[in-house]
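# Topology and contacts: notes
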Amino acid sequence: MALMTWTAEQYGTDVGFADDEHKEIFNLLNKLYDDATGGADRSVIGASLDALIAYVVDHFAHEEREMEAAGYAGIGPHKEEHDKLVATCAGLQTQFHAGEADVTDEVGQMVKGWLDSHIPTFDRGYTDALK
Ligand code: FEO
C-alpha cells in the first residue's frame, strides 16, 4: 500500500515544477517503502534508496535555484531544512551500503513525517514568490 498519496489540498504549492517533483518524490518513496517492507532483495532496496536520495537532492537544488533567482527572503531557513534531511539520508545511505542499517518502516515514516511538515510550511511559503 502506498505510504503517501499526493493531493493538492494537502501538498499543492501552486508552483508547477515543485508539485511535479513532489509527486515523483512520493512515487520513489512509495517504491522504496514497498520494496523495503515487502521483502525485496537488498540490491533492489539499495537501488530504490539511491534513486530516491538522488532525486531529492536534485529537487532541493532546483527549489534553491528558483528561490534565489526570485530573491525569496525565506531561502536561508528553507535551505537549512533541506541540508538537515540530506545529511540524515546520506548517513543512512552509507550505513545501508555498508550492511550496518536497513530501510525499515520507521525510516519510511520518518521521511513521510518530514514531507508532511515541510511541504505545507516551507514549500508553500514560496508560493507567492515563485508562482
Ligand atoms: Fe520541496 Fe523544500 O522541498
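The notes below deal with the structure included here.

Each value, and the rule that gives it
Residues numbered from 1 in each chain as written. Predicted model: local features only at pLDDT ≥ 70, side-chain atom pairs only at ≥ 80, totals over all residues. Heavy atoms only, no water. Helix = DSSP H or I, 4+ residues; strand = E, 2+ residues; numbered from the N terminus. Rg over C-alpha atoms; globule rule 2.2 N^0.38 Å. Buried < 20%, exposed > 50% of the residue type's maximum accessible area, 1.4 Å probe, protein only. Areas by Shrake-Rupley, 256 points an atom, 1.4 Å probe, with all protein chains shown as cover. Lys, Arg positive; Asp, Glu negative; His and termini not counted. Charge placed at Lys NZ, Arg CZ, Asp CG, Glu CD. Axes fitted to C-alpha atoms, helices over the stretch in contact; angles between N-to-C directions. Parallel < 35°, antiparallel > 145°, perpendicular 65-115°, else oblique. Left-handed = near helix turned anticlockwise from the far one by under 90°. Contact = heavy atoms within 4.5 Å. Nonpolar A, V, L, I, M, F, W, Y, C, P; charged D, E, K, R; others polar. Phe/Tyr/Trp six-rings, centres within 6.5 Å; stacked < 30°, edge-to-face > 60°.

Before going further, it helps to examine the overall build of the protein. Looking only at helices and strands, the protein features six helices and zero strands. N-terminal to C-terminal, the α/β element order of the protein is α-α-α-α-α-α. For 131 residues, the compact-globule estimate of 2.2 N^0.38 gives 14 Å, and the protein sits close to it at 15 Å. For the protein, the spread of C-alpha atoms along the principal axes amounts to about 45 × 25 × 20 Å. Buried positions account for 40% of the 131 residues belonging to the protein. Of the accessible surface of the protein, which amounts to about 6,800 Å², a share of 53% is contributed by carbon and sulfur atoms. Looking at charge distribution, the protein has the averaged site of its 9 positive side-chain charges lying 2 Å from that of its 25 negative ones.

Attention shifts here to the packing of helix α2 (residues 16-37) against helix α3 (residues 42-69). The N-to-C vectors of α2 and α3 enclose an angle of 160°; their axes lie 9 Å apart at closest approach. As far as their axial angle goes, α3 and α2 are roughly antiparallel. Handedness of the α2/α3 crossing: left-handed. Residues F17, A18, E21, H22, E24, I25, L28, L29, K31, L32, D35 and A36 of α2 touch α3, and the partners they reach there are V44, I45, S48, L49, A51, L52, Y55, V56, H59, H62, E63 and E66. Across the contact of α2 with α3, the residue classes break down as 14 nonpolar, four polar and six charged.

The full count for this structure, using the stated rule, is two aromatic pairs. When the ring of Y11 is compared with that of F26, the centres are 4.8 Å apart and the planes differ by 90°; the resulting orientation is edge-to-face. Taken together, the residues Y11 in helix α1 (residues 8-11) and F26 in helix α2 connect sequence positions 15 residues apart. Side by side, Y11 and F26 carry an identical accessibility label, which is buried. A ring pair is formed by F60 and W114, whose centres lie 5.6 Å apart and whose planes are at 45°; its orientation type is tilted. Of this pair, F60 sits in helix α3 while W114 sits in helix α5 (residues 105-123), placing them 54 residues apart in sequence. Taking relative accessible area as the criterion, W114 reaches 15% and is therefore assigned buried.

This next bit is on the environment of H59. Within the secondary structure, H59 sits in helix α3. When the C-alpha positions of H59 and A40 are compared, they lie 26 Å apart, and in sequence the two are 19 residues distant. Leave out the neighbours within four places in its chain, and H59 touches A18, E21, H22 and I25.

Taken by themselves, the reported measurements are silent on function.
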